[in-house]
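This is what each chain is made of:
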Amino acid sequence: MVALTSFAEDTRSCVTRVEGKRPSLSVRASSAVFGFAFILAGVGLWLMPGLDLTPMILLAKMGVSILLVTGGVGMTQIATDKPRKELHFDERNEQLLVYEGLPRGRKHVLQAINYEDIGRVDVSASALVVKDEAGEAMVTLPIDGNHARLDAIAQLRSQSILPS
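A.B. asks: Sorry, what's going on with the overall build of the protein chain here?
C.D. replies: Assigned secondary structure in the protein chain consists of four helices and seven strands. Element order for the protein chain, N to C, with α for helix and β for strand: α-β-α-α-β-β-β-β-β-β-α. Across the 164 residues of the protein chain, 26% fall into the buried class. Once local pairs closer than 6 in sequence are excluded, the contacts in the protein chain between residues at least 24 apart make up 47%.

A.B. asks: Explain the sheet that holds strand S6 (residues 127–131) to me, please; I cannot follow it from the model alone.
C.D. replies: Strand-to-strand pairing in sheets goes through backbone hydrogen bonds, with the strands running parallel or antiparallel. Pairing within the open sheet is antiparallel, and its three strands lie in the order S5-S6-S7. Each having just a single partner strand, strand S5 (120–123) and strand S7 (137–142) make up the two edges of the open sheet. Geometrically, the sheet is characterised by an average inter-axis angle of 10 degrees between neighbouring strands, direction not taken into account. As defined by bridge partners, S5 adjoins S6 across four bridges and the pair is classed as antiparallel. When the bridges of S6 are listed, Val123 appears paired with Leu128. The strands touched by helix H4 (residues 146–158) within the sheet are S5 and S6, with S5 carrying the most contacts at an inclination of about 160 degrees.

A.B. asks: So what exactly am I meant to see when it comes to the pattern of salt bridges here?
C.D. replies: Close approach of charged atoms lets side chains of opposite charge pair. Under the criterion given, the structure shown has two salt bridges. Measuring nitrogen to oxygen at the nearest pair gives 2.8 Å for the salt bridge that ties Arg120 to Asp122. Asp122 serves as the salt-bridge partner of Lys131, at 3.2 Å between the closest nitrogen and oxygen. For Asp122, a relative accessible area of 23% gives the class partly exposed. Linked by salt bridges that have partners in common, Arg120, Asp122 and Lys131 make up one network.

A.B. asks: Sorry if this is basic, but what is going on with the confidence of the model for the protein chain here?
C.D. replies: Low-pLDDT portions of the prediction should not be read for the details of their coordinates. When pLDDT is averaged along the protein chain, the result is 77; 79% of the residues meet or exceed 70. Averaged over each element, pLDDT in the protein chain is lowest for helix H1 (residues 2–13) (45) and highest for helix H2 (residues 25–47) (92). This model gives residues 1–8 a pLDDT under 50, and the stretch forms zero contacts once residues within four places in sequence are excluded.

A.B. asks: Please clarify how a nonpolar patch on the surface should be interpreted in this entry.
C.D. replies: Taken together, the side chains of Trp46, Leu53, Met56, Leu58, Leu59, Met62 and Ile66 define a hydrophobic patch exposed on the protein surface, amounting to about 710 Å² of accessible area. Take Ile66: it is sitting in helix H3 (residues 55–79).

So, how was this worked out
- Residues numbered from 1 in each chain as written.
- Predicted model: local features only at pLDDT ≥ 70, side-chain atom pairs only at ≥ 80, totals over all residues.
- Heavy atoms only, no water.
- Helix = DSSP H or I, 4+ residues; strand = E, 2+ residues; numbered from the N terminus.
- Buried < 20%, exposed > 50% of the residue type's maximum accessible area, 1.4 Å probe, protein only.
- Contact = heavy atoms within 4.5 Å.
- Pairing = 2+ DSSP bridges.
- Axes fitted to C-alpha atoms, helices over the stretch in contact; angles between N-to-C directions.
- Salt bridge = Lys/Arg side-chain N within 4 Å of Asp/Glu carboxyl O.
- pLDDT = per-residue confidence, 0-100.
- Patch = residues over 30% accessible without salt bridge, like charges linked within 9 Å, V, L, I, M, F, W, Y side chains within 5 Å.
- Areas by Shrake-Rupley, 256 points an atom, 1.4 Å probe, with all protein chains shown as cover.

Have a look at this one:
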């Protein structure tokens, strides 16, 4: 019963996951393989001897190698884990907590905002903005779709942060 209660509290407290969804494992694996292959091809192009080292051939080699290395670095970035942000409600301490996901499933708190410091919350189709009483943005988080927007509104209303 305790595990079920803990699970229910964890699932209820998480409002939105931002920064989009991760690509599938096959996309990440293939982008890593092709990315490193492009980088090696860009470097290997200079290791191959040429018949004639005229300025035009050197310029073409330089252009192709820059394109290959840039494309390879871009493809390897698809495979890397990006930090993901989550917004949680701490009912016990009456705070909004902004978590950042770390590798290996760890998280740390980036920012804690007390409920009484919140002046206004704007929830649009693409972002959730928490403002103070002066109207300045304390936290801006992109929202990942309409379902996350509706979930955020429901959570804010349940905490009496948004009016009904």
